[in-house]
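Structural description and commentary
Here is how the chains run, residue by residue.
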Amino acid sequence: MSELVDILISASFWAAVLRIAAPLIFATMGELICERAGVLNLGIEGIMVFGAFAGWVTVYAGGGLWAGVAVAMLAGMGFGAVHALLTVPFGLSQHVVGLGITMLATASAYYAYRLALPEVTNPPRIEPFQPLHIPGLSDLPWLGEALFSQTALSWAGFACVALTALVLYRTPLGLALRAAGENPQAVEAQGLSVAALRMGAVIVGSGLMAVGGAFLTMSAFSSFFFEMVNGRGWICIALVVFGAWKPGKALLGALLFAGFDALQVRLQQTGLGQIVPYQVFLMIPYLLSILALILMSRRAQVPAALMTPFNRGER
Amino acid sequence: MRLEPIAAPSHARTLGLPALAIAATVLVAALLAALAGANPLQTFGLIVKGAVGSKFATLETLNRATPLIFTGLAVAVAFRAKLWNIGAEAQLYAGALVTVLIGTQMGLPGPLALPIMALAAVLAGALTLLGPVLLKTRLGVDEVVTTLLLNFIMALFISYLLEGPLKDPMGMGWPKSPALPRDARLPRIVEGLRLHWGFALALICAAGVWLIQTRTTLGYEIRAVGQNPQAARFAGIPVGRVLVKTALISGGLAALAGFSEVAGLKGNLTSDLSPGFGYTGIIVAMLALLHPLGVVVSALFVAGIFVGADSMSRAAEVPTYIADILLAAALLFMVLAILLTRFRVVRG
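Calculation rules
Residues numbered from 1 in each chain as written. Chains lettered and ligands numbered in written order. Predicted model: local features only at pLDDT ≥ 70, side-chain atom pairs only at ≥ 80, totals over all residues. Heavy atoms only, no water. Helix = DSSP H or I, 4+ residues; strand = E, 2+ residues; numbered from the N terminus. Expected span 1.5 Å × (residues − 1). Buried < 20%, exposed > 50% of the residue type's maximum accessible area, 1.4 Å probe, protein only. Contact = heavy atoms within 4.5 Å. Buried area = accessible area lost by both parts, 1.4 Å probe. Salt bridge = Lys/Arg side-chain N within 4 Å of Asp/Glu carboxyl O. Polar contact = N/O pair within 3.5 Å; in protein donor to acceptor, adjacent residues only side chain to side chain. Bend = angle between axes of the 7 residues up to and from the residue. Phe/Tyr/Trp six-rings, centres within 6.5 Å; stacked < 30°, edge-to-face > 60°.

**A few points about helix H7 (residues 152-170) of chain A**
Residues and elements named next belong to chain A. Here H7 spans 26 Å end to end across 19 residues, near enough to the 27 Å set by a 1.5 Å rise per residue. Among the residues making up H7, those that are buried are Ala152, Leu153, Ser154, Gly157, Cys160, Val161, Thr164 and Leu168. Summarising the contacts, the buried residues of H7 are in contact with helix H2 (11-36), helix H4 (65-87), helix H8 (172-182), helix H10 (194-220) and helix H12 (247-267).

**Structural notes on the interface of chain B and chain A**
Each partner contributes to the interface: chain B provides 47 residues, whereas chain A provides 42 residues. The contact between chain B and chain A buries some 4100 Å² in all, and 82% of this surface belongs to carbon and sulfur atoms. In this structure, the connection of chain B to chain A is made through zero salt bridges. Along the contact surface separating chain B from chain A lie five residue pairs in polar contact (both at pLDDT 80 or more).

**A short note on the side chain of Thr280 of chain B**
Residue and element names in this part refer to chain B. If you trace the backbone, Thr280 turns up in helix H11 (residues 277-287). With relative accessibility at 11%, the residue Thr280 sits in the buried group. Those residues within four positions of Thr280 in sequence are excluded, and the remaining contacts are Leu68, Val302 and Phe306.

**Quick look at helix H14 (residues 278-296) of chain A**
Compared with an ideal rise of 1.5 Å per residue, which puts 19 residues at 27 Å, H14 of chain A spans 28 Å between its outermost C-alpha atoms and is within 8% of the ideal. Of all the bends in H14 of chain A, the greatest reaches close to 40 degrees and is centred on Ile284 of chain A; the proline Pro285 of chain A follows between one and four positions later. Taken as a whole, H14 of chain A has its buried residues at Gln279, Phe281, Met283, Pro285, Tyr286, Ser289, Ile290, Ala292, Leu293 and Met296 of chain A. The inward-facing, buried residues of H14 of chain A abut helix H11 (232-242), H12 and helix H13 (271-275) of chain A together with helix H5 (110-139) and helix H6 (143-163) of chain B.

**Comments concerning the packing of aromatic side chains**
Residue and element names in this part refer to chain A. Under the defined criterion, the tally for this structure stands at 21 aromatic pairs over all chains. On the numbers, 6.5 Å between centres and 35 degrees between planes, the contact of Trp56 with Phe224 is tilted. Of the two residues, Trp56 sits in helix H3 (residues 44-60) while Phe224 sits in the loop between H10 and H11, which places them 168 residues apart along the sequence. Comparing Trp56 with Phe224 shows no difference in burial state: the two are buried.

Next up, the structure:
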C-alpha cells in the first residue's frame, strides 16, 4: 500500500501519465472527428504505424523534427483520402475498408523500413523532441517535473483537444460536421455537401492519427520497431466511446487510461510484481478498454448516422 | 457524384471489373518491386516459382493454406451475419492451447485423443467469441473493438503460460510447450509427403459451412440477420440467438486452425504459432466474397503469395512484406470492383 502511495506522489509518475496520454490524445481526436462526421475509421491502427515510421524516417534521413511531424501527418492524410474515397462516395463497408487500410499502411511501413534498413536488428535511434523548458513553471519544485517537463509535441496534443472542441462546438463548420454524422439529409437540405464534410473529416482525422503514431518514435521511444503501436489504435476507438464522442471527456478518458498504464509499469517493480506475472500487468490496458466499453454501453450517445453511407437522392 | 444501381449488369462489367482489380494489384506489386530496385517480372517469376514451382513448394503452400481456410471460413461465416469477428487470432490460440493441454496432460489413448482434442478446441474457440457476442447482443457493446482487444489479451495469456506453468522443462529455456505424443498428432495424408490431415479437415469444414448456409434454416436466418436485422426481427427470427449460434460456429472454425497447426504441423505451442492467420483470414474471406467454397480457392491463392514471397525475398532484395501490401491492395481494389459491377457512378 505504501508503495502505491510512493508511486502516486512521485513526480515522474505524473510526467509519465502525460507522456503516455499524448499519442492517444492525437489519435483519439482523429477518430472522434471521423466518427462525429459519421465514418468509423478502423484504419487508425495502421495509420499510426505508418505515422510512427514516416516521422522517424524523416528525421533519420536528416530532416527536422517538425518536418517529421508534417511528413507523418501528410502520409496519414494520404491513407485517410483512400479510406474517405472508398467509404464516402462509394459507400463501401467501413469495417472492411478500415481493416484493409490498417493492413495496407502497416505492411507499407514495414516494407519501407526493410528497404531503408535491410539487415538491421538493432533499430537506429534519432534525437527526439526534448522537454520544453517553460521559464518559471518548469523550475517549480515537484510540479515542474510532474506537469511541465513535456515536449512541444505533447503540448500540441493538448492544444489539439481544445482546437477540436472549439471547431466542433463553436464554428459553423463544426455544426455542419456534427450534423453530417447525425442527420445528413438536413445537411444536404442546407445546400452543403455531406460527402465533402465526411471526406474532409476522415482526411484530417487520419492526419491526426498519424501524428499520434509519430509521437511514439519522435517523443517517446526515439526509434522505430515492429509492433510498436501494439493495439493503441484500437484502444483509441474504445476511448472515443468512453468519452461519449466528446473531446473533453475523451481527453479525461485518455488521461485516466494513461494513469493506469503508468501505474501498471511501476507496480511491476514492486512486491506485487514478484507474485503476479508481468503479463497480467500488461493485460490491464486492454482489459480496461473493454471495461470502459461495457460501462458506457448503456449511456453511449452514438452519432445517429455513424456507419450509414449517404447516397444523395436516396431516402 | 452519386451511385445508381444497374438493373442488368453486362458480362463485360461483371468479369471485366474484377479483372481490372487484379491488374491494378499486379501494377502496385510491380511498382513496389521496382522501388526495391528489382526487376518486377523476375520478382513475379520468383514468387510463382516459390509458391508452386516444385513439389516441396506446392506442399508448403497447401500447408500454409490450411489454417487460412479455417480462419477464412470463421470470418466468412461471421461477416455474413454482419458479426464483425476480428478476433480469429485469439480463437486460434484458444484452440491451440486446449489442443496442447489435452494432448500432453491427459494421456488419452491414440484413437480417442485426436477427436477429443479437436472438439475441445472448437469449444474453446467458440467460448472465446461468446463473450464479445453476448456483450453485443445484451449490452450493445461493439464487437469489433472487443474481439480485437481480446487478441492482445490472449497473446499475453499464452506468453504467461509458455513462460510459466506450460513451459517445456526440456525446452532449453525457450518459451514453448512440451511436444504432443505421437498418438496425438494428425497423420500425413500420404506417407512421405509433408501434408497432414488438417488440410482435409479444412476442406470438409468448407463443405460443411456451405451446406449450413445453403441447406439449413440457420443458414437462411444468418443471411437475413446480416442483410437487415430489423426486418429479420420483424419476420420473427430471434436475432440474438442467431448471432450467438453464428459466433459459436465462427469461433470454433478459427480454433480448428490452432488445432491443426499444433497437431498437424508444429507439434507444440509457441507464441509465434500464428503469423497473423486470424487477420489474414479477413482478406481470405473478403476475396472469396464470403463464399465458403471460394474461401478454399482464395486461401490457396493467399498462401501461395505468402510462401512465394518468402522464397522470393531470399533470392531477391525485395522485402517479404510485399506480400502483405499486395494482399491489402487486392482487398481494397476487389471490394471496389465488386461494388461497381452493381452500381454505376453518375454525376450530380
